[in-house]
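Summary of the model geometry
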Amino acid sequence: MSEEIQKTMQAAVLHGVHDLRVEEVAAPGRPQPNEVRVQINTVGICGSDVHYWEHGRIGDFIVESPMVLGHECSGTVVEVGSAVPDLKPGDRVAIEPGVPRLSTPASHFYMKRGEYNLCPDIFFFATPPDHGAFCDYVNHPADFCFKLPDNVSLEEGAMIEPLSTGIYAARVAPIVTGDTVVITGAGPIGLMNLLAARAAGAANVVISDTVEERLQMARQIGATQTVRGDAAELKAAARELTNGRGADVGIEAAGHPSAINACIGAARAGATVVLIGMPPGDTAEININDLIVREVKLRPIFRYNNTFPTGVNLLASGRVDVKPLISKRFSLKETPEAFEYVVANRATCVKAVVDVG
Ligand code: 572
Ligand code: ZN
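These numbers were taken from a predicted model, which means no experiment stands behind them. (Residues numbered from 1 in each chain as written. Chains lettered and ligands numbered in written order. Predicted model: local features only at pLDDT ≥ 70, side-chain atom pairs only at ≥ 80, totals over all residues. Heavy atoms only, no water.)

1. A look at the overall build of the chain
Put simply, the test is: Segments assigned H or I by DSSP are reported as helices when at least four residues long, segments assigned E as strands when at least two residues long, and all are numbered from the N terminus. We compute the radius of gyration over the C-alpha atoms and compare it with the globule rule, which gives 2.2 Å times the number of residues raised to the power 0.38. The rule is simple: take the accessible area with a 1.4 Å probe, protein chains only, and divide by the maximum for that residue type; under 20% is buried, over 50% is exposed, in between is partly exposed. Areas reported here follow the Shrake-Rupley algorithm with a probe of radius 1.4 Å; residue values treat only the protein chains shown as occluding. The charged-residue count follows a simple rule in which Lys and Arg add positive charge and Asp and Glu add negative charge, with His and chain termini not counted at all. Each charge is placed at NZ for Lys, CZ for Arg, CG for Asp and CD for Glu.
Broken down by element type, the chain carries 11 helices and 20 strands. Since a compact globule built from 357 residues should have a radius of gyration of about 21 Å, the 20 Å found for the chain is in line with a globular shape. In terms of its C-alpha atoms, the chain occupies a principal-axis envelope of roughly 70 × 40 × 40 Å. Going through the 357 residues of the chain one by one, you find that 52% of them count as buried. Counting every atom, the chain has about 15600 Å² of accessible surface; 52% of that belongs to carbon and sulfur. Positive and negative side-chain charges of the chain, numbering 31 and 42 respectively, have mean locations separated by a distance of 5 Å.

2. Some thoughts on the site of ligand 1
Just so we agree on the cut-off: Near residues are defined by distance, with any heavy atom within 4 Å of the molecule or strand qualifying the residue. Under the rule applied, a polar contact is a pair of N or O atoms within 3.5 Å (in protein, one hydrogen donor and one hydrogen acceptor; residues adjacent in sequence only if both atoms are side-chain atoms). When residues are sorted by character, Ala, Val, Leu, Ile, Met, Phe, Trp, Tyr, Cys and Pro go into the nonpolar class, Asp, Glu, Lys and Arg into the charged class, and all the rest, Gly among them, into the polar class.
Ligand 1 sits among C46, S48, Y52, I58, F61, H71, F124, T127, E161, M278, F302 and R303. Here an oxygen atom of ligand 1 and a side-chain polar atom of H71 are 3.2 Å apart. The separation between an oxygen atom of ligand 1 and a polar side-chain atom of E161 is 2.7 Å. For ligand 1, whose unbound accessible area comes to 450 Å², protein coverage reaches 80%. By residue class, the composition of the shell around ligand 1 is 7 nonpolar, 3 polar and 2 charged.

3. Here's the deal with helix α1 (residues 47-55)
As a reminder, the rule being used: The arc in question is traced by the directions running from the helix axis to the C-beta atoms.
When α1 is considered as a whole, its buried residues turn out to be D49, V50, Y52 and W53. What you see down the axis of α1 is that its buried residues fit within an arc of 160°, all on one side. Following α1 by one or two positions, G56 adopts a phi angle in the positive range, close to 75°.

4. Regarding the coordination of the zinc ion (ligand 2)
When a metal carries six donors in an octahedron, the ideal angles between them are 90 or 180 degrees, while four donors in a tetrahedron ideally lie at 109.5 degrees. Put simply, the rule reads: With water excluded from the atoms, a metal site may look incomplete; its donors are any N, O or S atoms within 2.8 Å, or within 3.2 Å for Na, K and Ca. Each label reflects the angles at the metal, where four donors whose angles all fall between 85 and 135 degrees are tetrahedral, four or six donors whose opposite pairs open beyond 155 degrees and whose other angles stay between 65 and 115 are square planar or octahedral respectively, and the rest are irregular.
Around the zinc ion (ligand 2), the protein contributes the donor atoms C46 (SG) and H71 (NE2), at 2.1 to 2.4 Å from the metal centre. Each of the 4 donor atoms bound to the zinc ion (ligand 2) contributes to angles spanning 70 to 160°, and the resulting shape is irregular. Pair noted here: C46 is in the loop between β3 (35-44) and α1 and H71 is in the loop between β6 (67-68) and β7 (72-80), with a separation of 25 residues, a long-range link. Taken as a pair, C46 and H71 share a single burial class, namely buried.

5. Looking at the sheet that holds strand β2 (residues 19-26)
Put simply, the test is: Two strands are counted as paired when DSSP detects at least two bridges linking them. Any pair of residues with heavy atoms lying within 4.5 Å of one another is described as a contacting pair. Fitted lines through C-alpha atoms give the axes, limited to the stretch in contact for helices. The angle between two N-to-C directions lies from 0 to 180 degrees.
Overall, antiparallel pairing links the 3 strands, which are arranged β2-β1-β6 in an open sheet. Lying at the two open borders of the sheet, with one neighbouring strand each, are β2 and β6. Taken together, the 2 bridges between strand β1 (residues 8-16) and β6 define a ladder with antiparallel strand orientation. If you follow V13 over to β6, its bridge partner there is V68. Most of the contacts of α1 go to β1, to which it runs at about 55°, and overall it touches β1, β2 and β6. Most of the contacts of helix α11 (residues 335-344) go to β2, to which it runs at about 150°, and overall it touches β1 and β2.

What follows is the structure in structure tokens.
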């Protein structure tokens with residue numbers, strides 16, 4: 001192909017704390033042989049995007065130079081590299097934002113094990129210094145673009161990324177048919193985990209939060225019980241459902257020390273508690289003796305791997321419906337207002353999305 005392609009495009013670029021600008025930037029050139037050029041359609045706003053906007057950093061990842069935000073994205077393939085076997089222009093795809101660069105032996109080691117989320121050199125949209133997807137076009141490896149069937153919208157496709165944490169948690173725990181699961185935290189991550197847990201066959205999902213609006217949403221999308229109270233109430237709820245044992249699986253999605261301990265406390269002996277939330281200050285006091293005598297296994301997860309094909313199937317089959325979680329839509333030009341909106345409406349806004357195309 002040799003027609004001219006656009007040299008510039010619009011993008012939402014973070015210049016500093018509370019300084020997000022929609023401006024003209026250089027567009028990507030021709031895709032590499034293994035890449036496709038994707039015209040971005042929908043990008044969800046993640047808590048990490050908001051965190052960079054509010055604080056300019058997450059831990060050691062510091063926004064040192066202007067960075068395009070956004071990593072929950074989908075779009076339409078507009079050009080295909082010469083070595084791409086299975087995608088063509090016009091295909092609608094969900095984009096997996098994390099791609100190992102394979103620049104070190106360690107990276108090859110983890111890639112060959114299928115644990116590519118652990119590759120130390122992973123490229124990840126909107127994690128400094130890597131640019132994200134609040135823009136018109138990206139070039140992306142075709143292996144990390146997943147064709148959506150006709151019955152899955154691009155908006156739903158963009159939700160596969162946040163759903164992936166739930167798919168991965170359910171897989172590694174594992175959640176098996178009939179399980180009783182407790183989830184601490186009913187924010188976007190907790191709610192995506194709720195959807196994935198039900199799809200994995202959990203018979204009972206008890207979810208806790210301090211915000212009633214979030215619990216109401218949780219009940220609407222499949223929570224069998226919600227708890228607004230403290231750790232004792234969550235534990236009592238889990239025990240009542242399990243002949244006094246406690247939950248088979250715990251999923252910690254609040255990132256608060258008290259929620260971590262509430263999740264562990266509600267889990268039965270021999271359970272796995274999946275840790276997703278990152279506590280501010282990085283640490284939490286945990287009773288190790290309690291973990292040992294009850295053989296409660298802690299299983300931290302870092303992003304996910306190999307979840308997108310599952311995500312496509314869950315949406316296409318109707319086993320998961322992410323549509324109720326999309327709370328508000330904005331245009332690319334309105335991205336700065338979208339961030340203001342998300343922060344002002346944390347209790348009720350689960351997922352705001354930017355319709356780029
Ligand atoms: O969807 C990917 C994702 N990952 C998050 C948060 C939100 N969305 N993580 C929490 C922050 N870490 S990090 O290691 N980092 C900024 C690279 O602290 C990544 C995973
Ligand atoms: Zn995210």
